[in-house]
Amino acid sequence: MRLRILLLQARDPDDPMGAHERRCFVRRTGLPDASFVPHDLCQGPPRVRDLARFDALMVGGSGDYYVSQGNLPDFEGYLEFLRELVARGHPTFASCFGYQSLVRALGGNVIHDPPNTEVGTFELTLTEAGREDPLFGALPPRFMAQMGHKDRAAQIADGVPNLARSLLSPFQALRIPGQPIWATQFHPELDRSTNTDRYLHYIEHYAPGTSEQERQALLSRFTDSDESSELLPRFLKLVFGD
């Protein structure tokens, strides 16, 4: 499959998780490294007219940037870009920060909620809409997924179906009705090993002041997430065929 993917990233230039994130998307999609063209959101959003150069767009997580705080440079311009992307129906898969950004762009509510932080591997449950969705419907009713967030969606826009939920976060995935656009609070581009890498790098961000024993206990709760790892290649197949 010869595709060209624009990958939006909200990570500082000196953050090694930027390159790590790109490798994870490459590995999970099975596409060549050259298929992915990264765009640094810290330098502002891409131009809408540039979308025509790419078959699809993907959005990853973030380092020090929060949708709830709007602290990404030109955050409002980025939200306007997402609204135009939705209006055009450009094929998109967004995870974590990308999911929260899309929720906010469409008029939903994203809050900062440290007491309900999800870091590690968590069980998700498909909603009725998720079970009927052409992408998510191939998942089992309950599945494991990789997480790493303190922001979460408190409400999504009317008319946008919620596809999955967890015990701590009732809004975990969405699809724009009638469009090839999906987004997840969780990270289908990560697996047990790569999410552990992410946690260890951001450990002071995720778990400041915790003891070594507490950190090891959290690490022990990272598990495999084989079913959700199939979402990205299934998205490509569903939208672009074999």
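Residues numbered from 1 in each chain as written. Predicted model: local features only at pLDDT ≥ 70, side-chain atom pairs only at ≥ 80, totals over all residues. Heavy atoms only, no water.

Caption draft 1: Just a negative patch on the surface, in detail. A cluster of acidic residues, D224, D226, E227 and E230, forms a negative patch at the surface. Mapped onto the elements of the fold, E230 is located in the loop between α7 (212-219) and α8 (231-240). The partly exposed category is assigned to E230, whose relative accessible area is 41%. (Patch = residues over 30% accessible without salt bridge, like charges linked within 9 Å, V, L, I, M, F, W, Y side chains within 5 Å. Areas by Shrake-Rupley, 256 points an atom, 1.4 Å probe, with all protein chains shown as cover. Salt bridge = Lys/Arg side-chain N within 4 Å of Asp/Glu carboxyl O. Lys, Arg positive; Asp, Glu negative; His and termini not counted. Charge placed at Lys NZ, Arg CZ, Asp CG, Glu CD. Helix = DSSP H or I, 4+ residues; strand = E, 2+ residues; numbered from the N terminus. Buried < 20%, exposed > 50% of the residue type's maximum accessible area, 1.4 Å probe, protein only.)

Caption draft 2: The arrangement of the nonpolar core in detail. Counting 35 residues, the largest nonpolar core has L8, L57, L72, Y78, F97, Y99 and L174 as the members making the most contacts within it. Contributing elements (two or more residues each) for this core: β1 (5-10), β3 (56-62), α2 (75-88), α3 (97-105) and β11 (181-184). For this core, the element with the most residues is α2, which contributes seven residues. Apart from residues lying up to four places away in sequence, F97 is in contact with A10, L41, G60, G61, S62, Y65, Y66, V67, L72 and Y78. Judged by nonpolar contacts, the second largest core, of 27 residues, contains L124, L126, A145 and L236. (Core = buried A, V, L, I, M, F, W, Y, C linked by side-chain atoms within 4.5 Å. Contact = heavy atoms within 4.5 Å.)

Caption draft 3: Fine view of the packing of helix α1 (residues 17-29) against α8. At a minimum axis distance of 7 Å, the contact between α1 and α8 shows a crossing angle of 60 degrees. Between α1 and α8, the angle is such that the two are oblique. Crossing of α1 against α8: the hand is right-handed. Residues F25, R28 and T29 of α1 form the contact with α8, whose participating residues are L232, P233 and L236. (Axes fitted to C-alpha atoms, helices over the stretch in contact; angles between N-to-C directions. Parallel < 35°, antiparallel > 145°, perpendicular 65-115°, else oblique. Left-handed = near helix turned anticlockwise from the far one by under 90°.)

Caption draft 4: Looking closely at the sheet that holds strand β7 (residues 142-149). Spatially, β2-β1-β3-β4-β11-β10-β9-β6-β7 is the arrangement adopted by the nine strands of the open sheet, whose pairing is mixed. The sheet terminates laterally at β2 (36-40) and β7, the two strands that pair on one side only. Shown here is a sheet whose adjacent strand axes are inclined to one another by a mean of 20 degrees, direction ignored. Across three bridges, strand β10 (residues 173-175) lies against β11 in antiparallel orientation. Along β11, the bridge assignment pairs R175 with W182. (Pairing = 2+ DSSP bridges.)

Caption draft 5: Highlighting the side chain of D113. Within the secondary structure, D113 is located in the loop between β5 (109-112) and β6 (118-126). Among the polar contacts listed, one links the side chain of D113 to the side chain of R152, at a separation of 2.7 Å. The residues touching D113, leaving out its near neighbours within four places in the chain, are K150 and R152. (Polar contact = N/O pair within 3.5 Å; in protein donor to acceptor, adjacent residues only side chain to side chain.)

Caption draft 6: Fine view of the pairing of β1. In terms of residue burial, β1 counts as a mostly covered element, since six of its six residues are buried. Pairing of β1 with β2, which is carried by five bridges, proceeds in the parallel orientation. Bridge pairing in β2 links Q9 to D40. Regarding topology, α1 serves as the crossover connection from β1 to the parallel β2, and that connection is right-handed. Direction of pairing for β1 relative to β3: parallel, over a ladder of five bridges. From the neighbouring strand, A10 faces β3, where its bridge partner is S62. (Right-handed = clockwise from strand over helix to strand, strands pointing away.)

Just geometry here; none of it tells us what the structure is for.
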